[in-house]
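# Structural features, examined
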Amino acid sequence: MRALVVEDEPRLATGLRSGLEAEGYAVDVALTGTDGLWFAREHGYDVVLLDVMLPEIDGFEICATLRAERVWTPILMLTARDADTDQVRALDTGADDYLTKPFSYAVLIARLRALVRRGAAERPAVLDAGELRLDPASRRAWRGEAELVLTARELSLLEFLIRRCGQVVSKRMILDHVWDYDFEGDPNIVEVYIRRLRTKLGDESITTVRGAGYRLATCGSE
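As the structure is a computational prediction, the values presented were derived from the model and not from experiment.

Spatially, 2-1-3-4-5 is the arrangement adopted by the five strands of the open sheet, whose pairing is parallel. Edge positions in the open sheet fall to strand 2 (26–30) and strand 5 (97–100), since each of these has one partner strand only. Direction aside, the axes of adjacent strands within the sheet are offset by 20° on average. With respect to the sheet, helix 1 (residues 10–22) is in contact with strand 1 (2–6), strand 2, strand 3 (47–51) and strand 4 (75–79), its orientation differing from that of strand 2 by roughly 170°.

Bringing the sheet that holds strand 6 (residues 127–129) into the picture now. Overall, antiparallel pairing links the four strands, which are arranged 6-7-8-9 in an open sheet. Single-partner strands in this sheet number two, and they are strand 6 and strand 9 (146–147). Looking at chain direction, strand 8 (residues 140–143) and strand 9 are connected through two bridges and run antiparallel. Pairing of Trp-142 across the sheet is with Glu-147, part of strand 9.

Glancing now at the environment of Met-1. Residue position: Met-1 is located in the segment before strand 1. Not counting chain neighbours up to four residues away, the residues in contact with Met-1 comprise Gly-24, Tyr-25, Ala-26, Asp-46 and Val-116.

What follows deals with the nonpolar core. Judged by nonpolar contacts, the single largest core of 26 residues is most densely connected at Leu-157, Leu-158, Leu-161, Ile-174 and Leu-197. At the level of secondary structure, the elements contributing two or more residues to this core comprise strand 6, strand 7 (132–135), helix 6 (152–163), helix 7 (171–179), helix 8 (189–201) and strand 11 (213–216). Every residue in contact with Leu-197, bar those within four places of it in the chain, is listed here: Leu-150, Glu-154, Leu-157, Leu-158, Leu-161, Gly-202, Ser-205 and Ile-206. The next biggest cluster of nonpolar side chains, apart from the first, holds 21 residues, and it includes Ala-40, Val-48, Val-52 and Val-71.

Here the focus is empty space enclosed by the protein. Applying the stated criterion to the full structure yields one cavity of 30 Å³ or more. Space inside the largest cavity adds up to approximately 30 Å³. Lining the largest cavity, in full, are Ala-40, Val-48, Leu-66, Arg-67, Val-71, Thr-73 and Ile-75. Taken together, the residues of the lining of the largest cavity break down into five nonpolar, one polar and one charged.

What counts and what doesn't
Residues numbered from 1 in each chain as written. Predicted model: local features only at pLDDT ≥ 70, side-chain atom pairs only at ≥ 80, totals over all residues. Heavy atoms only, no water. Pairing = 2+ DSSP bridges. Helix = DSSP H or I, 4+ residues; strand = E, 2+ residues; numbered from the N terminus. Axes fitted to C-alpha atoms, helices over the stretch in contact; angles between N-to-C directions. Contact = heavy atoms within 4.5 Å. Core = buried A, V, L, I, M, F, W, Y, C linked by side-chain atoms within 4.5 Å. Buried < 20%, exposed > 50% of the residue type's maximum accessible area, 1.4 Å probe, protein only. 1 Å grid on protein atoms, 1.4 Å probe; cavity = no way out; pocket = protein on both sides within 12 Å on 5 of 7 lines; lining within 4 Å. Points joined across faces, edges and corners; volume = space filled by probe spheres on them. Nonpolar A, V, L, I, M, F, W, Y, C, P; charged D, E, K, R; others polar.

Right under this line is the structure:
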């Protein structure tokens with residue numbers, strides 16, 4: 001396993017390197033945000049330990065930049081700050097986990113093992129499907145450069161369709177995920193919201209597959 005430690009406190013960085021090497025990791029250390037971003041871009045790591053408060057570029061920006069560039073290496077963010085807003089921001093920018101200093105070394109290693117098992121699967125902070133983009137954290141969506149005006153339920157439906165882009169999803173699946181398992185209202189509510197989205201996205205945006213359900217028509221360039 002190969003790990004990158006981005007930490008500007010030399011003593012802590014050295015301790016992390018020694019501890020991880022004792023666990024069998026090959027470890028690189030960066031003491032600034034600029035160096036950390038370069039290492040993460042240029043080398044293939046199994047996991048990154050990323051401090052939030054860094055000189056030059058902070059950890060939030062590094063994480064957001066890597067995810068925007070489709071670098072999916074698991075990231076564990078480290079910080080001395082334990083405010084809920086910092087934890088939310090870390091996770092919303094694409095971090096996989098968050099640990100507040102001072103931390104238990106045993107817990108750190110356990111979380112790293114969990115992240116390595118998960119691997120570098122694609123998990124963008126901002127979803128995209130062709131011209132469509134949706135930011136689940138800010139609850140905003142765009143078609144091209146134009147921001148869409150969507151209700152909370154319309155956003156939830158669009159997010160569900162984007163996450164399953166190219167797949168046919170049934171009315172029942174939509175009800176279970178966008179409404180809830182106990183929904184007992186008129187199932188035709190799905191058709192109402194599909195029509196609303198088509199009005200705002202374009203009639204060609206969502207395809208009806210007769211007898212099966214619906215499919216988002218444009219699914220990006222992957």
